[in-house]
Amino acid sequence: MLNFTFKNQTEVLFGKGQLSEVASRLPHNAKVLFLYGGGSIKKNGIYDKTVEALGDAEVVEFHGVEPNPEFSTLMKAVEVARDNKVNFILAVGGGSVIDGAKFVAAAVNFAGDPWDILIKEAPFENPLPIGAVLTLPATGSESNGNSVVNRKETSQKRAFSSESVQPVFAVLDPEFTYSLPMRQVSNGVVDAFVHVIEQYLTYSVNAPLQDRFAEGILQTLIEEGPKSLATPTDYDVRANVMWSATMALNGLIGKGVPQDWGTHMIGHELTALHGLDHAVTLAIVLPSLMYVQRDSKKEKILQLGERVFNISEHNEEKAIDLTIKAVQDFFETMQVKTRLSDYDIDKTAIDGLVDNLERNGLTALGEHGDIDLVKAREILTLAA
Ligand code: NZQ
Ligand code: ZN
């Protein structure tokens, strides 16, 4: 096992009715920026419940954070936060709203151009504390320090990560997910699945507990994911998916082990250039990446096949093919298509995607840093 430090500062408030705990978790004299998305919370009642839960706290609202949160929108939220001198951000929504809140938190007291936080890892000071009310289990953003921000004008999707913007608390009420459109339920399960894979499907460092944590989450998603489509208001199913998605990317399973993230980095370019949903990009890229990296990932792909998909084929090359197919079939079972052509993107798009990887300096991806632009092209070509 590799050396690591592990701390997760997010207090998870899990289950029915936990939103009522919010007021007691706010700072003294709280002046809260209540940040949310395109309005789903107004339709499903979470907005009203949040207003009630905020009690007597002074509240300023900012809404309109879009999926794949836009830099220009978030900069407007930064202005509102500055003008009103807020001292806390409550993000109510999915990964986009929570990621957006982290960027706003970092940018509020940043003297220069906040875009530098994303492209130059510019250090920032005194970020605002954040609380999260999760409405879409997928990204793990509610209990990690990652933030991904899109900038349409430059066709870039960039990330930064800092413990200092990680939510101090996260409300996870499975009932808040009942109103999700099926497409977002599917996206969430696929995203969480791939988060586990990025931290598991590398090479062995003799960390069996980490492997089994990862396999446990994958098995739970495989069992519960299809049920969350079939019986959308089954509380236990939604609870199990929600907790799996949080555990997939709250830092725990990635400690002491190598990590890949190549699928995510290539996927981000598909969103930046073609606007595909984040999870869709992962479902397209991962099977092909597994195929191209089948030699360096051999041991772990075989372990995934045997332990998670119950594949008992003795011929190793065949077992690897069956495992890749099982992953692809799972995505399709979750109603997420896995080819570029399924989204009307043809091979002529690949040049642009590879160019964008180069422009963003993403030329040595994967746990060995060996996914260069040639391999990235190979992966995208296979996924066509
Ligand atoms: O905007 P509203 O009206 O709230 O609607 C949203 C949005 O249209 C809707 N939605 C959310 N909860 C709902 C609901 N609709 C009905 N009922 C509910 N309960 O769902 C749509 C998608 O929301 P979004 O937040 O964009 O989805 P997701 O949670 O999948 O987040 C995706 C973003 O997170 C980033 C992605 O790149 C993408 O920008 N990621 C963040 C990560 C992190 N922080 O660690 C890791 C991930 O790999 C990922 O990159
Ligand atoms: Zn993801």
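Residues numbered from 1 in each chain as written. Chains lettered and ligands numbered in written order. Predicted model: local features only at pLDDT ≥ 70, side-chain atom pairs only at ≥ 80, totals over all residues.

## Side note on the overall build of the protein
Counting its regular elements, the protein contains 15 helices and eight strands. Taken against the 2.2 N^0.38 rule, which gives 21 Å for 384 residues, the C-alpha radius of gyration of the protein at 20 Å falls within 12% of a compact globule. Taken along its principal axes, the extent of the C-alpha atoms in the protein is 65 × 45 × 45 Å. Counting only residues that meet the buried cut, the protein has 49% of its 384 residues in that class. (Helix = DSSP H or I, 4+ residues; strand = E, 2+ residues; numbered from the N terminus. Rg over C-alpha atoms; globule rule 2.2 N^0.38 Å. Buried ≥ 20, exposed ≤ 12 C-beta atoms within 10 Å, placed from the backbone.)

## Here we look at the packing of helix α8 (residues 208-230) against helix α9 (residues 235-248)
How two helices sit against one another is set out by the angle between their axes and by the gap between those axes. One can describe the packing of α8 onto α9 by two numbers: an axis separation of 9 Å at closest approach and a directional angle of 140 degrees. As summarised for this structure, α8 and α9 are arranged oblique, according to the angle between their axes. Both α8 and α9 take part in a crossing whose hand is left-handed. Seen from α8, the contacting residues are I217, T220, L221, E224, G225, K227 and S228; seen from α9, they are V237, R238, N240, V241, S244, M247 and A248. (Axes fitted to C-alpha atoms, helices over the stretch in contact; angles between N-to-C directions. Parallel < 35°, antiparallel > 145°, perpendicular 65-115°, else oblique. Left-handed = near helix turned anticlockwise from the far one by under 90°. Contact = placed C-beta atoms within 7 Å.)

## Topic: the environment of G131
One can find G131 in strand β5 (residues 130-134). Counting along the chain gives 129 residues from G131 to D260, while the straight-line C-alpha distance between them is 29 Å. Residues contacting G131, with those up to four places away along its chain left out, are V22, R25, F88, L90, P167, V168 and F169.

## Examining the UniProt feature "domain: Alcohol dehydrogenase iron-type/glycerol dehydrogenase GldA" (unreviewed entry) in the protein
As annotated by UniProt and renumbered to match this structure, "domain: Alcohol dehydrogenase iron-type/glycerol dehydrogenase GldA" (unreviewed entry) occupies residues 10-174. Taken end to end, residues 10-174 is 28% helix and 25% strand, and its two terminal C-alpha atoms sit 18 Å from one another. (UniProt positions renumbered as here; feature names shortened; annotations may be inferred.)

## As for the site of ligand 1
By nearness alone, 34 residues border ligand 1, and G37, S40, P67, G94 and G95 come closest of all. Among the elements of the structure, α2 (40-43), α5 (95-107), β6 (146-151) and α7 (182-200) are those that each provide at least two residues to the shell around ligand 1. By residue number, the principal contributor to the shell around ligand 1 is α5, which donates four residues. Tallied by class, residues from the shell around ligand 1 come to nine nonpolar, 23 polar and two charged. Lining the shell around ligand 1 are residues from two domains, each supplying at least three of them: domain 1 (11-176) and domain 2 (182-382). (Near = placed C-beta within 6 Å. Nonpolar A, V, L, I, M, F, W, Y, C, P; charged D, E, K, R; others polar. Domains from an automatic or database assignment.)

## Quick look at the nonpolar core
Within the largest apolar cluster, 115 residues are counted, with the highest numbers of intra-cluster contacts made by L35, I89, A91, V104, V190 and V196. If one sorts the elements of this core by residue count, helix α11 (residues 278-292) sits on top with 10 residues. Each of domain 1 (11-176) and domain 2 (182-382) contributes no fewer than three residues to this core. Beyond its immediate stretch of four places on either side in the chain, A91 contacts L35, V97, I98, A101, I130 and A132. (Core = buried A, V, L, I, M, F, W, Y, C linked by C-beta atoms within 7 Å.)

## Here's the deal with the domain arrangement of the protein
On domain assignment, one finds that the protein holds domain 1 (11-176) and domain 2 (182-382). On a C-alpha basis, the centroid separation for the pair domain 1 and domain 2 is 26 Å. The interface is formed by 18 residues belonging to domain 1 together with 25 residues belonging to domain 2. In terms of residue class, the side of domain 1 that touches domain 2 is made up of seven nonpolar, eight polar and three charged.

## What about the UniProt feature "domain: Fe-containing alcohol dehydrogenase-like C-terminal" (unreviewed entry) in the protein?
Mapped onto this numbering, the UniProt entry annotates "domain: Fe-containing alcohol dehydrogenase-like C-terminal" (unreviewed entry) at residues 188-356. Taken end to end, residues 188-356 has its terminal C-alpha atoms 26 Å apart, with 67% of it in helix and 0% in strand.

## Here we look at the pairing of strand β4 (residues 88-93)
Counted residue by residue, β4 has six buried out of six residues, so it is predominantly covered. Of the two faces of β4, the one carrying F88, L90 and V92 and the one carrying I89, A91 and G93 are both buried. Inspection of the sheet shows β4 paired to β5 by five bridges, in the parallel sense. Paired with I89 across the bridge in β5 is I130. (Pairing = 2+ DSSP bridges.)

## A closer look at the environment of T233
Note that T233 resides in the loop between α8 and α9. The exposure class of T233 is exposed, given the 12 C-beta atoms found within 10 Å. For the pair T233 and G39, spaced 194 residues apart in sequence, the C-alpha to C-alpha distance is 21 Å.

## What to know about unusual backbone geometry
In the Ramachandran plot, N126 falls in the positive-phi region, its phi being about 45 degrees despite a non-glycine side chain. Relative to the helices and strands, N126 is located in the loop between α6 (115-119) and β5. For N126, a count of 10 C-beta atoms within 10 Å translates into the label exposed. The phi dihedral of S155 is positive, around 50 degrees, even though this residue is not glycine. By the secondary structure assignment, S155 is in the loop between β6 and β7 (156-161). In this structure S155 comes out as partly exposed when scored by C-beta crowding, with 16 C-beta atoms within 10 Å.

## Remarks on helix α12 (residues 298-307)
Each α-helix turn comprises 3.6 residues. Residues three or four places apart therefore point the same way. All of the buried residues along α12 are K300, I301, L304 and G305. Around the axis of α12, the buried residues are gathered within 140 degrees of arc, so they sit on the same side. Where the residues of α12 are buried, they touch α7, α11 and α13 (316-333). (Arc of directions from axis to C-beta.)

## A short note on the pairing of β6
As paired elements, β6 and β7 share six bridges and run antiparallel to each other. Across the sheet, V148 pairs through a bridge with A159, a residue of β7. Between β6 and β7, which pair antiparallel one after the other, the connecting turn spans four residues, and S155 there sits at a positive phi close to 50 degrees.

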